[in-house]
Each structure stands twice: as C-alpha cells, then as structure tokens.
Amino acid sequence: MLPIAIVAAIEPGVNPLGLSGEPELVFREVSRMGYDGVELLIKDPSFFDIDRVKRLSEEFGLSIPAVGTGPTYTIYGLSLSSPEKKIREKAIERIKEYLEIGRRLNSPVIIGSVKGKPKDRKFGIENLKGSLRICAKYAEKIGARILIEPLNRYESTIVNTLKEAVKLRNELGSERIGVMADTFHMNIEERSIYDSIVEADGYLEHMHIADSNRLAPGDGHLDFNQVMNALDKIGYRSFLSAEILPLPNPREAAERTIRYIKMILS
Ligand code: LER
Ligand code: MN
C-alpha cells in the first residue's frame, strides 16, 4: 500500500490546507489516525525548529515526505518569477533556507505557489528559470531536493500542467529537481488525469491528493481509482499527501481522507 501523509502547519499564523496546531499535538493526532507522514507547510524557515521536528518524527514514527513553501508567496508576497529582481532575490534566499531544512529532514522542497503569478508569462517563465537555476545549484551543493508543482490557472499564470513541469525540469537539467502533481489542480488543467500521470513516468516523485472541490478524497467527483491505476502503471511508490480544505473541520477532513484512501488502495 502506498504511504499516506497529510499537510500540517505547526507554526502559529498559518492556515494550511490540512491540520495545524502545536507540534506535538499535530504529530500525535496524525499518528493516531493511521497516517505514515506529515508534510510540513512552513512559514518562517529561519525560525523553524528542525531538531524538534526530527525528534517528533522519530517519536511518532512519521516521515516528513515534503516541505511546503507556499507562505513565501501567499503571506510574504515573494515570487521566483517576479519582474523585480530584488523580490526574486529575496524569494531565492528564502528557498535556500527551506532547502537547508529539506536537507536536514531528508525531505524535498515543494516549489508551488512561490513560482508566482507573473502578468507577462514569457518574461515570468524566464525569470522563474533564472531563479530555479540558482536554487538547483544550491540544492546540488548541499544535497537537497526540489519538486516543481503545477498549479491551476487561477493560482498561477505559469506551469499549469504536469507536461509543463516536466519540460521546465528538463530545461533546467538538474538531477536535484523532480516533479510532483496535485489532483485538485490536475482536475482543472489536465486533458486526462490518467494520461498525464503516465506521461510523467520517471519524473513524478510526490502527490498531493484532494477531491475535485478540494474536500477530502471521496467528497467530490474525482475518480481516485483512475488516479491509483495510473500511479500503479508507472510504479509510483512515493507518498499520497492530503492537501485538503479543513472542512467540515480539520480533524474530520483528515479522518475522512485516510478512511477513503485506504479503502481505494485495498
Ligand atoms: C496550492 O494550491 C498548492 O497546491 C500548494 O501545494 C502549492 O504551494
Ligand atoms: Mn498542492
């Protein structure tokens, strides 16, 4: 069975698509529900207590399959594709801090919202490439990993499909960069969820799962059997990480997710 994780934030002032709260309570709750991992959405990498997270991860037997960087853009407005060089530089410095955390926790760092939403797509993608080249060099130097996540058109103007993410990854050409997918975004952007997963064979290293409406899997109209069949076809062995609206409340959404995904996988 594929390992299952859920997104969680353990710093105050973050509203994740998942769980949030005091670190020990979050880890205890996630392990009690039967998850295999906690994907950490981090707001302030410079103040993040990595040692504590390492201890909790060992104590509760939970992996940290990835680290999310979204608040860099959604809270601090820093984007890797900004037309302003100063903003790109600040975003790159932040991502280097996340990469340090990723290296210490042995978790890839997700480049999702931090890609930004540039008005000029062509210029934006060139700026994004320039920024990611610097991040990739840094990841190579310290031994960290980067995952490019395509987002739907309403959240970003660049890299909306898995194909575009794979193309960007190949243009950057770094062994330290992989690709991930999010079923919520795929449901909006991909012609075929099944085909796009199969075509990303060899690149796909992590999955965010949510239903069509971003509720817990099973609470929308996405065909998760099809998703699992595609993942099975490419021999996917990494995490399914729930990134879901915390509705009707965070705990119930998390419980519903694990129950449904275990049913689909069995
Ligand atoms: C945002 O919609 C999302 O899917 C995140 O994983 C990106 O940072
Ligand atoms: Mn996502």
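Just so it is clear, the structure is predicted and the values come from calculations on it, not from any experiment.

Basis of the calculations
Residues numbered from 1 in each chain as written. Chains lettered and ligands numbered in written order. Predicted model: local features only at pLDDT ≥ 70, side-chain atom pairs only at ≥ 80, totals over all residues. Heavy atoms only, no water. Near = heavy atom within 4 Å. Polar contact = N/O pair within 3.5 Å; in protein donor to acceptor, adjacent residues only side chain to side chain. Areas by Shrake-Rupley, 256 points an atom, 1.4 Å probe, with all protein chains shown as cover. Donors = N, O, S within 2.8 Å, 3.2 Å for Na, K, Ca; no water. Tetrahedral: all angles 85-135°; square planar, octahedral: opposite > 155°, others 65-115°. Buried < 20%, exposed > 50% of the residue type's maximum accessible area, 1.4 Å probe, protein only. Salt bridge = Lys/Arg side-chain N within 4 Å of Asp/Glu carboxyl O. 1 Å grid on protein atoms, 1.4 Å probe; cavity = no way out; pocket = protein on both sides within 12 Å on 5 of 7 lines; lining within 4 Å. Points joined across faces, edges and corners; volume = space filled by probe spheres on them. Helix = DSSP H or I, 4+ residues; strand = E, 2+ residues; numbered from the N terminus. Nonpolar A, V, L, I, M, F, W, Y, C, P; charged D, E, K, R; others polar. Core = buried A, V, L, I, M, F, W, Y, C linked by side-chain atoms within 4.5 Å. Contact = heavy atoms within 4.5 Å. Arc of directions from axis to C-beta.

J.: Pulling in residues and values, what's your account of the site of ligand 1?
T.: In the vicinity of ligand 1, the contacting residues are Gly112, Ser113, Glu149, Leu151, Glu155, Asp182, His185, His208, Arg214 and Glu243. Separating an oxygen atom of ligand 1 from a backbone N or O atom of Ser113 is a distance of 3.1 Å. The separation between an oxygen atom of ligand 1 and a polar side-chain atom of Arg214 is 2.9 Å. Coverage of ligand 1 by the protein amounts to 91% of the 260 Å² it exposes when considered alone.

J.: Could you give me a rundown of the coordination of the manganese ion (ligand 2), with the residues and numbers involved?
T.: Ligation of the manganese ion (ligand 2) by protein atoms is provided by Glu149 (OE), Asp182 (OD), His208 (ND1) and Glu243 (OE), these donors lying 2.1 to 2.2 Å from the ion. For the manganese ion (ligand 2), the 6 donor atoms in the first shell make angles of 70 to 177° at the metal, so the coordination geometry reads as octahedral. Relative accessible area serves as the criterion here: at 1%, Asp182 is assigned to the buried category.

J.: If you had to explain the pattern of salt bridges to someone new, which residues and values would you point to?
T.: Scanning the entire structure with this criterion turns up 21 salt bridges. In this structure, Arg169 and Glu175 form a salt bridge, with 4.0 Å as the shortest nitrogen-oxygen distance. If you follow the salt bridges from partner to partner, you end up with Glu29, Arg32, Arg251 and Glu255 in one network.

J.: Tell me about empty space enclosed by the protein, residues and numbers included.
T.: By the definition in use, this model includes 1 cavity of 30 Å³ or more. Here the largest cavity defines a volume of roughly 40 Å³. When contributions to the lining of the largest cavity are tallied by element, the ones reaching two or more residues are strand E7 (177-182) and helix H7 (183-189). A per-class count over the lining of the largest cavity returns 4 nonpolar, 3 polar and 2 charged.

J.: For the nonpolar core, give the residues involved together with the corresponding values.
T.: Formed by 79 residues in total, the largest nonpolar core has its most connected members in Leu80, Leu99, Ile197, Met207 and Leu231. Aside from chain neighbours lying at most four places away, what touches Ile197 is Leu162, Met186, Leu204, Met207, Val227, Ala230, Leu231 and Ile234.

J.: Just give me the short version of the environment of Ser79, but keep the residues and values in it.
T.: Its place among the elements puts Ser79 in the loop between helix H3 (71-74) and helix H4 (85-105). Sequence separation between Ser79 and Phe47 is 32 residues; the distance between their C-alpha atoms is 20 Å. Not counting residues up to four positions away in its chain, the partners in contact with Ser79 are Tyr73, Ile87, Arg88, Ala91, Val114, Lys115 and Gly116. A distance of 3.1 Å separates a polar side-chain atom of Ser79 from the backbone nitrogen of Ser82.

J.: How would you explain helix H9 (residues 224-233) if you had to name every residue and give the values?
T.: When we look at burial in H9, the residues that qualify are Phe224, Val227, Met228, Ala230 and Leu231. Buried positions in H9, seen along its axis, are confined to an arc of 160° and lie on one side of it. Facing away from the buried surface of H9 by more than 90 degrees, the exposed residues are Asp232 and Lys233. Each element contacted by the buried residues of H9 is listed here: H7, helix H8 (193-199), strand E8 (204-209), strand E9 (240-242) and helix H10 (250-265). Capping the start of H9 is the job of one residue whose side-chain oxygen sits 3.1 Å from the backbone nitrogen of Asn225: Asp223.

J.: Would you mind going over the layout of surface pockets in detail, with residue names and values included?
T.: A probe matching the size of a water molecule, rolled over the atoms, marks out where space remains unfilled. The calculated volume of the largest pocket comes to roughly 470 Å³. In this structure, the largest pocket is lined by 29 residues; those nearest its centre are Leu41, Gly70, Thr74, Ser113 and Glu243. Secondary structure elements with two or more residues in the lining of the largest pocket: strand E3 (37-41) and H3. Among the residues making up the lining of the largest pocket, the classes are represented as 12 nonpolar, 10 polar and 7 charged.

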